[in-house]
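Residues per chain are reported as follows:
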Amino acid sequence: MAQLITTQLLLLLVWRSAVWAARPRTELLNVCMDAKHHKEKPSPEDKLHEQCSSWKKNACCSVNTSQEAHKDISYLYRFNWDHCGKMEPTCKQHFIQDTCLYECSPNLGPWIQQVDQSWRKERILNVPLCKEDCESWWEACRTSFTCKSNWHRGWNWTSGSNQCPVGAVCQPFHIYFPTPAALCNEIWSHSYKVSQYSQGSGRCIQMWFDPTQGNPNEEVARFYAEAMSGAGLYGPWPLLLGLALVLLQLLS
């Protein structure tokens, strides 16, 4: 009797694992990260500030967050863009747009990952950034200066905002980021992964877009969410079936 109950419980466990893996992953669409300043759910925000206004029809950021995203050393993260002298205005525009995408977009669900960090429970990883967005970002920042290639960690925060660590040398961006891919992939610990796809392809996330033409990232998120759901449906079955057979043999 005990063996029969054990077998039934194991089969139930395998079945539930398969169902969980196969269920439609609608939670990947129209979602906000569980992070420092994100809203719990996306919703319209008619008064989003300047560059963040592209997301006003459906946003994970508040009006206040969008305003702070445009400030130097804002309360969001106390990050100083001018840590190696004045950053070029065109370069700073790209970092503001990067912040708006991160804080406001509800279309990053397929790339959200759980993390164990004091200031956030989730992050994005390997978001396929359209190649034009990456290339224009790199070109705009080539003549600005920095002292690090990874801006997520390793700063001196004793002043209350980020400063270059001891021994780090301020040099033009292209020294630390010799290619567009080096900038986009490495600066935020692989939050982005530069794509070979172009804007309008439906296969890469656009940092810049015309909101009067709709948000192209909705289609991109649907494409990758459906691909992931398909992988979830078919991928685990051979492994789970094999596990069930092995367990039955061991218990017989």
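All residue numbers refer to positions counted from 1 along the written sequence of the respective chain. A pLDDT threshold of at least 70 governs which residues receive local features in this predicted model, and a stricter bar of 80 or more applies before side-chain atom pairs are shown or counted, although totals over entire chains, interfaces and linings include all residues. Hydrogens and water molecules were not included; the side-chain quantities draw on all heavy atoms of the structure.

### Considering the nonpolar core
Reasoning step 1: For our purposes a nonpolar core is just a set of buried Ala, Val, Leu, Ile, Met, Phe, Trp, Tyr and Cys residues, chained together by side-chain atoms within 4.5 Å. The classification of residues rests on relative accessible area computed with a 1.4 Å probe and restricted to protein chains. Under 20% of the type maximum is buried, over 50% is exposed, and intermediate values are partly exposed. Within the largest apolar cluster, 50 residues are counted, with the highest numbers of intra-cluster contacts made by Phe95, Trp137, Trp151, Phe173, Phe177 and Trp188.
Reasoning step 2: In this description a helix means any DSSP run of H or I spanning at least four residues, a strand means any run of E spanning at least two, and both kinds are numbered starting from the N terminus. Of all the elements in the fold, those that place two or more residues in this core are α3 (89-104), β3 (127-129), α4 (131-141), α5 (173-176), α6 (180-186), β6 (192-194) and α7 (217-234).
Reasoning step 3: With seven residues, α3 is the largest single contributor of residues to this core.
Reasoning step 4: Apart from the residues within four sequence positions on either side, phenylalanine 95 is in contact with Trp81, Met87, Trp137, Cys141, Trp151, Phe173, Ile187 and Trp188. Any pair of residues with heavy atoms lying within 4.5 Å of one another is described as a contacting pair.

### Comments concerning the pattern of salt bridges
Where charged atoms from two side chains of opposite charge approach closely, those side chains can pair.
Reasoning step 1: For salt bridges, the criterion is a side-chain nitrogen of Lys or Arg within 4 Å of an Asp or Glu carboxyl oxygen. Taken as a whole and judged by the stated rule, the model has five salt bridges.
Reasoning step 2: Residues glutamate 68 and lysine 71 are paired through a salt bridge, measuring 2.9 Å at the closest nitrogen-oxygen approach.
Reasoning step 3: Across the pair aspartate 72 and lysine 92 runs a salt bridge, and its minimum N-O distance is 3.0 Å. Residue aspartate 72 is found in the loop between α2 (63-68) and α3, and its partner lysine 92 is found in helix α3; the two are separated by 20 residues along the sequence.
Reasoning step 4: Each of Asp72, Asp82, Lys86 and Lys92 takes part in salt bridges that share partners, so that together they form one network.

### Brief notes about the state of the cysteines
Reasoning step 1: Cysteine sulfurs are considered disulfide-paired once they come within 2.5 Å of each other. Counting across every chain of the model gives eight disulfides.
Reasoning step 2: Disulfide pairing places cysteine 52 opposite cysteine 100 at an S-S distance of 1.9 Å. Given an S-S torsion of about -80 degrees, the disulfide between cysteine 52 and cysteine 100 has left-handed geometry. Here the residue cysteine 52 occupies a position in the loop between α1 (2-22) and α2, and cysteine 100 occupies one in helix α3, the gap between them amounting to 48 residues. You'll find cysteine 52 and cysteine 100 in the same group, each marked buried.
Reasoning step 3: Disulfide partner of cysteine 147: cysteine 164, at an S-S distance of 2.1 Å. Linking cysteine 147 and cysteine 164, the disulfide has an S-S dihedral of approximately -100 degrees and is accordingly described as left-handed. Separated by 17 residues along the polypeptide, cysteine 147 in the loop between β4 (145-146) and β5 (171-172) and cysteine 164 in the loop between β4 and β5 bring together distant segments of the chain.

### What to know about the confidence of the model for the chain
Should pLDDT be low for a region, the predicted coordinates there are not to be read in detail.
Reasoning step 1: Every residue carries a pLDDT, the predictor's confidence in it, which falls somewhere between 0 and 100. Confidence in the prediction for the chain averages 84 pLDDT; 81% of positions are at 70 or higher.
Reasoning step 2: Across the chain, the secondary-structure element scoring lowest on mean pLDDT is α1, at 41, and the one scoring highest is β4, at 98.
Reasoning step 3: When the criterion is pLDDT under 50, residues 4-26 qualifies, and its contacts beyond four places in sequence or with other chains add up to 21 contacts.
Reasoning step 4: The low-confidence segment residues 232-248 (pLDDT under 50) makes 16 contacts with residues lying over four places distant or belonging to another chain.

### What to know about the packing of aromatic side chains
Reasoning step 1: A pair of aromatic rings is counted whenever rings of Phe, Tyr or Trp (Trp by its six-membered ring) have centres within 6.5 Å, and the orientation is called stacked for planes under 30 degrees apart, edge-to-face for over 60 and tilted otherwise. Counted according to the given criterion, the structure contains 17 aromatic pairs.
Reasoning step 2: Seen from their ring centres, phenylalanine 79 and tryptophan 188 are 5.9 Å apart, and the 70 degrees between their planes marks the pair as edge-to-face. Highlighted residues: phenylalanine 79 in the loop between α2 and α3 and tryptophan 188 in the loop between α6 and β6, separated in sequence by 109 residues. The pair formed by phenylalanine 79 and tryptophan 188 is uniform in burial state, with each residue classed as buried.
Reasoning step 3: With a centroid separation of 6.1 Å and 70 degrees between ring planes, the pair formed by tryptophan 151 and tryptophan 155 is classed as edge-to-face.
Reasoning step 4: Classification of tryptophan 151 by relative accessible area gives buried; the value is 2%.
Reasoning step 5: A residue is classified by how much of its surface remains accessible, and tryptophan 155, at 8% relative accessible area, is buried.
Reasoning step 6: Following the ring pairs from residue to residue traces out a cluster consisting of Phe79, Trp81, Phe95, Trp137, Trp151, Trp155, Phe173, Phe177, Trp188 and Tyr192.
Reasoning step 7: When the NZ atom of lysine or the CZ atom of arginine is within 6 Å of a ring's centre and also within 35 degrees of its normal, the charge is said to sit over that ring. Of note, lysine 148 hangs over the ring of tryptophan 155, and the distance from its end group to the ring centre comes to 5.4 Å.

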